[in-house]
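# Chain and residue survey
The chain contents come next:
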Amino acid sequence: MRNLVLIAGLLIAPAALAAGSAEKGKAAFVKHGCWQCHGYVGQGGVTGPRLAQTQLSVEALSAFVRNTRGGIGYVENIYATQNHLITTQLQNRAGQFVQPDDDSFAAAAANARWDKAPGFYEVLTDQPGAKSWPMTGASFILLHTVPTDPAKTAAVLAFFDWAFKNGGNMATELDYVAMPATVVKLIEGAWRAQIKTAGGELVWNR
Ligand code: HEC
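Here's what I pulled together on the structure shown here. The residue numbering used here restarts from 1 in each chain and proceeds along that chain's sequence as written. For a predicted model such as this one, the threshold for reporting local features is a pLDDT of at least 70, and the threshold for listing and counting side-chain atom pairs is 80 or more; totals across whole chains, interfaces and linings nevertheless cover every residue.

## So, the overall build of the chain
- Counting its secondary structure elements, the chain contains eight helices and six strands.
- The numbering of helices and of strands both runs from the N terminus, where a helix is a DSSP run of H or I of at least 4 residues and a strand a run of E of at least 2. For the chain, the succession of helices and strands along the chain, N to C, is β-α-α-α-β-α-β-β-β-α-β-α-α-α.
- Exposure criterion: with C-beta atoms placed from backbone coordinates, a residue whose C-beta has 20 or more other C-beta atoms within 10 Å is buried, one with 12 or fewer is exposed, and one in between is partly exposed. Counting every position in the chain, which comprises 206 residues, the buried fraction comes to 23%.
- Two residues form a contact once the distance between their C-beta atoms, set from the backbone, is within 7 Å. A separation of at least 24 residues holds for 62% of the contacts in the chain among residues at least 6 apart in sequence.

Here it is in structure tokens:
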């Protein structure tokens, strides 16, 4: 995988009706004494296991937001697209209202000051620029600056170099955006400057 810019969208669910009734379920849970072993909120105890869902998968969360009247959620853009969630505009730092799309994600990545961020640790939220989507995020790969196996690290770098050069379309197909070319240049420059063998030789010298 390449170093991708991840995107996050704020989502507003359409006013769909939820099937079933949590209210009735709760009443039955109390009436039939289920709470005696499972706890009043299904938290579980010594006599019965936890029933309440404490962690939802992103798919389940998306479905839950979609099926809950007035529900608002926050998932990665690809889940919003796949699950046909309604997305909202957000006001960015420049005061402009922008839509979550490839252009606004790419603008956030392009306007971030990657050159000022040690280790490229740049959280892409609230970036400057009229077109920047304010809730964008990047994913990261961590590398040792003095690798124990320099040949392996060189192969890893060659792979990411290939991905930076050839992965753009794949990223777009998956609803991500590719790193801006200027940032790729900075990243590969950092490989040259910072990743060295114990003897001080360059691991990446292309
Ligand atoms: C006397 C204690 C007790 C009462 C009362 C009780 N349960 Fe349970 N329940 C348990 C225990 C113990 C298990 C775990 C059984 C097992 O793993 O074999 C369980 C398992 C379950 C599970 C499966 C949980 C899982 O993670 O697989 C559900 C669902 C459940 N109970 C629902 C209910 C409901 C609904 C009621 C009320 C109608 C109820 N229970 C009443 C003790 C109780």
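On we go.
## A look at helix 5 (residues 102-111)
- Most of helix 5 is tucked away, with seven of its ten residues classed as buried.
- Three or more residues of helix 5 are buried, namely Ser104, Phe105, Ala106, Ala107, Ala108, Ala109 and Asn111.

## Let's talk about the nonpolar core
- Ranked by internal contacts, the top residues of the largest apolar core, which has 17 residues, are Phe105, Ala108, Ala109 and Val177.
- Here this core gets five residues from one element, more than from any other, and that element is helix 5. Working definition: the nonpolar core is a set of buried Ala, Val, Leu, Ile, Met, Phe, Trp, Tyr and Cys residues, joined through C-beta atoms within 7 Å.

## Quick word on the environment of Ala107
- With respect to the secondary-structure elements, Ala107 resides in helix 5.
- Taking the C-alpha atoms as reference points, Ala107 and Pro180, separated by 73 residues in sequence, lie 9.1 Å from one another.

## Let's talk about unusual backbone geometry
- One non-glycine residue, Asp126, lies in positive phi territory at about 55°.
- Its location among the elements puts Asp126 in the loop between helix 5 and strand 6 (136-138).
- In this structure, Asp175 takes a positive phi of about 65° despite not being glycine.
- With respect to the element layout, Asp175 can be found in the loop between helix 7 (168-173) and helix 8 (181-194).
- Classification of Asp175 by C-beta neighbours within 10 Å gives partly exposed; the count is 18.

None of the figures reported here should be taken as evidence of function without further support.
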